[in-house]
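Structure assessment
Read off the chains here:
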Amino acid sequence: MIGKTPAIIPRTGKPEHTPAWQIELARAVRSGDELLHLLDIEPDQLNIRPLTGDFPLRVPRGFVRRMGRGDPHDPLLLQVLPVHEETEAPGGYHTDPLREADDMPVPGLLHKYHGRALLTVTGACAVHCRYCFRRHFSYTDANPAQGQWTQVIDYLAAHAGIHELILSGGDPLSLTDDRLHQLTGRLEGVEHLHTLRLHTRMPVVLPERIDTGLLDWLAGLSLRTVVVVHCNHPNEIDDSVTRAMQRLAQAGVTLLNQSVLLRGVNDDAGTLARLSERLFAAGILPYYLHQLDRVQGAAHFEVDDARARELLCALRCRLPGYLVPRLVREVPGECSKLPL
Ligand SMILES: *Cc1c(COP(=O)(O)O)cnc(C)c1O
Ligand code: SF4
């Protein structure tokens, strides 16, 4: 197996030292035909887009195992399968819907909100979510050059008001443990920084990533740690995910979740309520429920604001307040994400 998976494994790592998560990542499904075959679905049951282009299909096998067999409308499948609707180009959908390029003082560093800054450390993800607002993001322009964190550290050091750094991407846990160590080694030298936050879908789509090496890194940090996972549907949480979350909690991490409201995936009150309850059972509190960013290729996922508000009201009637996420939209130029 190892012989067939060298593409993603760093050349420096001897095969016997390659962490299991990297092997699993390299084995991710990358073909629509294979995905549908694994799920016993006939291709003509779905409006599949030919798999060319810059944002190809990618989904780890463990996540595929959580999909329903024979169900072309499975809510996990719909999040990852490229379909023809993506080529529709309705007005109001853009390649950089948040105009993030305007808020970057240093390549990769977004400083939009008071007290916190967000660093995109990689363009790589374990899964390619079709609705992703960063699908057109130019990571080659926006990423700090390999190993060169100096500009970022200088900016953080010069801005005493920044207390929290958010690592984002892509998925920051695509970085190897060594790279994470290197980065936080530098960050810990910035005195006014006290919290490190990770925005990652990895614990959900590739729970193997939460291994001893990663936990040792987290537990050894002098920074407070928050992990905001990204989970949209209760079926995404199986026992392997729950165990990964328990290990993160034991390492002293505060666990929150953000979801995106997606038509056909989670746009009903029952699903959202079950999601909150499953998250809580895994030790995670719901944080944000995002209205979709209007990124080109994702229009078919949009839920209108009236319906979104209705869903939130229904959730408030069913759940304790701490299990109701904040319904928000990101609006360029605002001082925070805007509650609807
Ligand atoms: C979402 C976001 C944050 C974090 O906002 P919180 O409301 O603190 O979760 C910070 N910076 C940028 C650029 C963001 O998009
Ligand atoms: S894991 Fe996050 S950044 Fe990566 S494709 Fe999915 S939504 Fe986008």
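Relevant structure appears above.
Residues numbered from 1 in each chain as written. Chains lettered and ligands numbered in written order. Predicted model: local features only at pLDDT ≥ 70, side-chain atom pairs only at ≥ 80, totals over all residues. Heavy atoms only, no water.

1. Concerning the side chain of Thr242
Defined as follows: Strands are runs of DSSP state E lasting at least two residues, helices are runs of H or I lasting at least four, and both sets are numbered from the N terminus onward. To sort residues, take the accessible area from a 1.4 Å probe on protein chains only and compare it with the maximum for the residue type: under 20% means buried, over 50% means exposed, and anything in between is partly exposed. Whether two residues are in contact is decided by their heavy atoms: any pair within 4.5 Å suffices.
Mapped onto the secondary structure, Thr242 falls in helix α10 (residues 239-250). Residue Thr242 is classed as buried on the basis of its relative accessible area, which comes to 19%. Setting aside residues no more than four positions away along its own chain, Thr242 makes contact with Ile237, Ala281 and Ala282.

2. Details of empty space enclosed by the protein
Rules: Of the two site types, the cavity is a set of points on a 1 Å grid over the protein atoms alone where a 1.4 Å probe fits but cannot get out, and the pocket is an open set with protein on both sides within 12 Å along at least five of seven lines, each lined by residues with an atom within 4 Å of a point. Grid points are joined across faces, edges and corners, and a volume is the space filled by probe spheres set on the points. Classification convention: Asp, Glu, Lys, Arg as charged; Ala, Val, Leu, Ile, Met, Phe, Trp, Tyr, Cys, Pro as nonpolar; all other residues, Gly among them, as polar.
Scanning the model with the defined rule gives two cavities of 30 Å³ or more in all. Considering the residues around the largest cavity, the lining is formed by Asn257, Ser259, Leu272, Leu275, Ser276, Leu279, Pro286, Tyr288, Leu289, Leu315 and Pro325. Mapped by element, the contributors of at least two residues to the lining of the largest cavity are β6 (254-260), α11 (269-281) and β7 (285-290). Looking at the lining of the largest cavity element by element, the count peaks at four residues for α11. For the lining of the largest cavity, the residue count by class is eight nonpolar, three polar and no charged.

3. Here we look at the site of ligand 2
Stated precisely, the cut-off is as follows: Near, as used in this document, describes a residue that has one of its heavy atoms within 4 Å of the molecule or strand being considered. More than half of a molecule's atoms within 2 Å of the grid points is what it takes for that molecule to sit in a cavity or pocket.
Around ligand 2 sit Cys125, Val127, Cys129, Cys132, Gly170, Arg201 and His230, and that is every residue in its neighbourhood. Mapping ligand 2 onto the cavity grids shows that it belongs to the largest pocket.

4. Details of the pattern of salt bridges
Our working definition: Think of a salt bridge as a Lys or Arg side-chain nitrogen and an Asp or Glu carboxyl oxygen that are within 4 Å of each other.
Using the criterion set out here, one finds 14 salt bridges in the structure. Here Glu330 and Lys112 are joined by a salt bridge, their closest N and O atoms 2.6 Å apart. Separated by 218 residues along the polypeptide, Glu330 in the loop between β8 (326-329) and β9 (338-339) and Lys112 in strand β1 (residues 109-113) bring together distant segments of the chain. For the salt bridge of Arg209 with Asp211, the shortest nitrogen-to-oxygen distance reads 3.8 Å. Each of Lys112, Glu330 and Lys337 takes part in a single network of salt bridges with overlapping partners.

5. Section: α11
To keep things clear, this is the line we draw: To estimate how far a helix should reach, multiply one less than its number of residues by 1.5 Å.
Relative to the 18 Å expected for 13 residues at 1.5 Å per residue, α11 spans 18 Å between its end C-alpha atoms, a close match to the ideal helical length. Once α11 finishes, Gly283 follows within two positions and takes phi at roughly 85°, a positive value.

6. Concerning the packing of aromatic side chains
For clarity, the cut-off: Two aromatic rings from Phe, Tyr or Trp, using only the six-membered ring of Trp, form a pair when their centres are within 6.5 Å; if the ring planes differ by under 30 degrees the pair is stacked, by over 60 it is edge-to-face, and anything between is tilted.
Scanning all chains against the criterion turns up three aromatic pairs. Plain terms: the ring middles of Tyr131 and Phe301 are 5.9 Å apart, the flat faces sit at 90° to each other, and that makes the pair edge-to-face. In this pair, Tyr131 is assigned in the loop between β2 (116-120) and α5 (139-142) and Phe301 in the loop between β7 and α12 (305-318), connecting sequence segments 170 residues apart. Judged on exposure class, the residue Tyr131 and its partner Phe301 are both buried. Ring geometry for Phe280 and Tyr322: centres 5.5 Å apart, planes at 55°, overall tilted. Here the residue Phe280 occupies a position in helix α11, and Tyr322 occupies one in the loop between α12 and β8, the gap between them amounting to 42 residues. Among the residues examined, Tyr322 registers a relative accessible area of 46% and is labelled partly exposed.

Function-wise, these values are silent; they only describe arrangement.
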